[in-house]
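# Structural description and commentary
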Amino acid sequence: MVAVSAFVEQLANGVTLGMVYVLLAAGLSIIFGVMDVINFSHGELFALGAYFALSIVAPLGATGFWVALVVAPLLVGVIGAAIERFTVRPLYGRDPLYHILLTFGLVLIISDLIQLVWGTSQHQLIVPDLLNQAIAVFGVRLSLYSYFMIAVGAVLAIGTWLVLNRTTYGTIVRAGSQDREMVRNLGIDIDRYYTLVFGFGAALAAVGGIVLGGYQNVNPGMGNSVIIPAFIIVVLGGLGSFRGAVFGGLLVGVVQTLTRTYIPVLEGLTVFLLMIGVLLLKPQGLFGNPEWQTTESDEGELLIGAHGGVFARDTRERLGAAVVGLLAVAPIVLLATGNDYYVALLNEMFIWAIFALSLDFVMGYAGLVSLGHTMFYGIGAYVAALVLLHLAPSFLVALVGAMAVCAVVAWVVGNLSIRVSGVYFAMITLAFAQLFYNAVFKLDWTGGSDGLLGFDAFLGVGGVGAPISEVEFTLAGLTITPAAVFYYLALVLAVASLLFARRFMNAPFGSVLQSISESEERTEFIGYDVTKYKRRAFVISGALAGLAGGLLAVNPDTFVISPGQTLYWINSGEVIVMTLLGGMGTLFGPMIGAGVFIGAEDILATYTEQWRMVIGAVFVLFVLFVPRGLVSVPSLVAQWRQDSREGDPPAGLDDTEASPDD
């Protein structure tokens, strides 16, 4: 009887948590269902609601909780409406993946803004004493606050459903999601309704943040901690399905709570396995497409590699050779001037450049946007460290092992993931990455949360050589440090990776990939096995990402390989930022983007702890105004100058003949 009572109590706790997820996922699902926008910043809006409530409650005391429950969601709703009006709206008509990229930039901005205003400490949101009382019902003892959370979630979920299905406002919104132009032709300003929907979704998230803040605490990481479960919920239920969001929210809340209590070894794994299973068996989720949305797709394309440009091909090749030559002499100049630190910084750039190149191989050429690419980076780093610790100290064996294991993992993940496409592919790769991220915490041989320590790569063959960290010698009066030795190793591998990838893309294999990116149906119609080509590209990409991770492990400046450093989902977002910043579909563009990103991070970090906010703002501007990346800037400038001379208005950014090959 006691066991049954304890089980029911945990079940009730699961429903309580599930109601928070319902509020979060309902807003996320409505926004996607109506506007096809996947809002990655939804978790930060959730956190922003809790922090606004904190500021309102502080001067008013416990009574302020009721005020905060109304005012804070309204404030967040206004911010959400502004986000839609000024950043999301210009992207309508582009591939929905641009919404993911844009809102990832907003994550960086809002997250650092929260830390700037409220600090990094966690706070307790004061709730009225009345809600802190415990009540026993049928032998199950819960706080009144838990019942309050369940009631708030249920009332808002039912109210939202009634608004969408039983009011004129809901009818217009549903009609607009099916045929936007038709609604406009009826004289209705559908854009204004979309703004309201986005704001309403943000307000729902804020309510979820407030009630969870009173249940647990308010901290800067609360947005990050809920956004992944929120995506799991909407994918489980069906992207854009309101019923699916409610069902999925309750399901994930209950599964998480019961797993934590009864099978703690599987905590953090179960929901990801559930999501992967649903995506494989029913890619459109348990409740399918949005109940009211048309099945016709009006997706735009990813803005990637046009050919030609301001510079001729031989000019570009000479520029590339000049850059490599400058990089070859850079450490000599830096060591001679006593700037050893910048050698280590360049080493980090090379590692991320190879990582970004690996992503461009599939995202820029095959149209496969992987939100979980950091799994290969992390696995490569872990495999290299484990090889150095337990198998052989050779850096070469470590790197080969990292690439081989990542290629095998990529083949398995690719076989399962490539069955779905577009947003679903992005989500399933994210699920796999989170699965690996959570798994390394459970395993002793990966070092758990502490990671792996005490490895050192050996430079040499057949026992002749020395650990890289001990290689130091004097040449022409210049002391060559271990970091400089690693620099040349990383430079050679970065150039070799670029040439290797370029060779593939100039071969028939690359032509087929680009054809797949433009039209899968057409490529399949002319006789190519699309799935096989995409899987091969994914394997090569995974191996290259594994090389980047392996280099991180053999870098003499790396002392630990940990889950947060290598497998956290933010890494996947950052490498996407680098790829888009440089220019997708160009191979060298993402490598430039990686260098700019790491360099900007280093410079900004010396002036402010909120450097991600600046990076995020720059990234948002790039998504909006320079979607083809830095490499397209020369041709954009040439285009604008030509338009100015001819007296024509500047072309729209999406219509320019910008050529990333510049």
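Please read these numbers as outputs of a predicted model, since none were measured by experiment. (Residues numbered from 1 in each chain as written. Predicted model: local features only at pLDDT ≥ 70, side-chain atom pairs only at ≥ 80, totals over all residues. Heavy atoms only, no water.)

Our focus in this paragraph is the packing of aromatic side chains. Remark: the centre distance and the inter-plane angle together describe each pair of aromatic rings, the angle taken between the planes. Tallying each qualifying case throughout the model produces 30 aromatic pairs. Taken together, a centroid distance of 6.1 Å and an interplanar angle of 40 degrees make the contact between F7 and Y262 tilted. Of this pair, F7 sits in helix 1 (residues 2-35) while Y262 is found in helix 10 (residues 242-262), placing the two residues 255 residues apart along the sequence. Take F7: its relative accessible area is 37%, and that puts it in the partly exposed class. Here the guanidinium or amino end of R536 rests over the ring plane of Y533, the centre of that ring lying 5.8 Å away. (Phe/Tyr/Trp six-rings, centres within 6.5 Å; stacked < 30°, edge-to-face > 60°. Helix = DSSP H or I, 4+ residues; strand = E, 2+ residues; numbered from the N terminus. Buried < 20%, exposed > 50% of the residue type's maximum accessible area, 1.4 Å probe, protein only. Lys NZ or Arg CZ within 6 Å of the ring centre and 35° of its normal.)

Partitioning the protein into domains gives domain 1 (1-220) and domain 2 (322-569). Relative placement of domain 1 and domain 2: their C-alpha centres are 38 Å apart. With 6 residues of domain 1 in contact, the opposing surface of domain 2 contributes 6 residues. Taken over both partners, the interface formed by domain 1 and domain 2 buries close to 630 Å², and the fraction arising from carbon and sulfur atoms is 97%. Taken together, domain 1 and domain 2 are joined by 0 salt bridges. Here domain 1 is connected to domain 2 by 0 residue pairs in polar contact (both at pLDDT 80 or more). (Domains from an automatic or database assignment. Contact = heavy atoms within 4.5 Å. Buried area = accessible area lost by both parts, 1.4 Å probe. Salt bridge = Lys/Arg side-chain N within 4 Å of Asp/Glu carboxyl O. Polar contact = N/O pair within 3.5 Å; in protein donor to acceptor, adjacent residues only side chain to side chain.)

This paragraph deals with the pairing of strand 2 (residues 140-143). Burial of the side chains of strand 2 is restricted to one face: V140 and L142 are buried, whereas none of R141 and S143 on the reverse face is. Connecting strand 1 (residues 134-137) to the antiparallel partner strand 2 that follows it, the hairpin turn spans 2 residues, and F138 within it adopts a positive phi of roughly 50 degrees. (Pairing = 2+ DSSP bridges.)

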